[in-house]
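Results of the structural survey
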Amino acid sequence: MAVDAYGTDGSGDGPGLTATLRRRGDVVVVVAAGELDHDSPEPLRRALEQALGQDGAERVVVDCTGLMFCDSTGLNILLKGRLDAKAAGTTLELAGLRPPVARMFEITGAMGLFTVHPELPQDLA
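Now for a look at the structure at hand. Because the structure is predicted, anything quoted here is derived from the model rather than measured. (Residues numbered from 1 in each chain as written. Predicted model: local features only at pLDDT ≥ 70, side-chain atom pairs only at ≥ 80, totals over all residues. Heavy atoms only, no water.)

Between its terminal C-alpha atoms helix α2 (residues 72–87) stretches 22 Å, which fits the 22 Å expected from 16 residues at 1.5 Å a residue. Of the residues making up α2, those classed as buried are Gly74, Leu75, Ile77, Leu78, Gly81 and Ala85. Within α2, the buried residues cover an arc of 160 degrees as seen down the axis, which keeps them to one side. Those residues of α2 that are exposed and aimed more than 90 degrees away from the buried face are Leu83, Lys86 and Ala87. Near the N-terminus of α2, the side chain that reaches the backbone nitrogen of Thr73, with its oxygen 2.9 Å away, is that of Asp71. The positive-phi residue at the C-terminal boundary of α2 is Gly89, with phi of around 80 degrees. (Helix = DSSP H or I, 4+ residues; strand = E, 2+ residues; numbered from the N terminus. Expected span 1.5 Å × (residues − 1). Buried < 20%, exposed > 50% of the residue type's maximum accessible area, 1.4 Å probe, protein only. Arc of directions from axis to C-beta. Polar contact = N/O pair within 3.5 Å; in protein donor to acceptor, adjacent residues only side chain to side chain.)

If you want it as structure tokens, here you go:
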């Protein structure tokens with residue numbers, strides 16, 4: 001199993017963001033960690049583009065367990081990823097939303113647009 005990683009160096013105001021990909025059968029898992037904000041959107045954007053471009057991927061699950069913060073920039077990346085997944089005939093799901101990240105999804109109404117798992121399903125860990 002190949003793992004692809006993308007990241008920022010955290011040289012801005014926050015600790016930066018990393019996004020890694022791994023494949024489990026027909027599921028691509030994108031593991032996001034750090035702070036997803038206007039200073040660090042590229043790792044997740046690139047990871048989602050690659051995940052959605054993989055042949056035979058029926059689902060993409062974003063593991064948000066290590067995501068400490070998400071602002072509107074991050075929310076928009078995930079919403080666009082959801083639309084791109086739908087256009088590609090797959091789904092984009094979220095797992096392990098921490099309270100500060102879940103709050104962003106709840107107050108914007110975006111929570112209802114995604115399948116959200118309380119934690120990354122065991123078979124994908």
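Our next topic: the pattern of salt bridges. Taken as a whole, this structure holds 3 salt bridges when the rule is applied. Measuring nitrogen to oxygen at the nearest pair gives 2.2 Å for the salt bridge that ties Arg45 to Glu42. With Arg45 and Glu42 both in helix α1 (residues 42–52), this residue pair falls 3 residues apart, about one helical turn. Assessed through its relative accessible area of 31%, Arg45 is described here as partly exposed. Residue Arg59 pairs with Glu93 through a salt bridge whose shortest N-O separation is 3.0 Å. With Arg59 in strand β4 (residues 59–70) and Glu93 in strand β5 (residues 91–95), this residue pair connects regions lying 34 residues apart in the sequence. Judged by its relative accessible area of 8%, Glu93 falls in the buried class. (Salt bridge = Lys/Arg side-chain N within 4 Å of Asp/Glu carboxyl O.)

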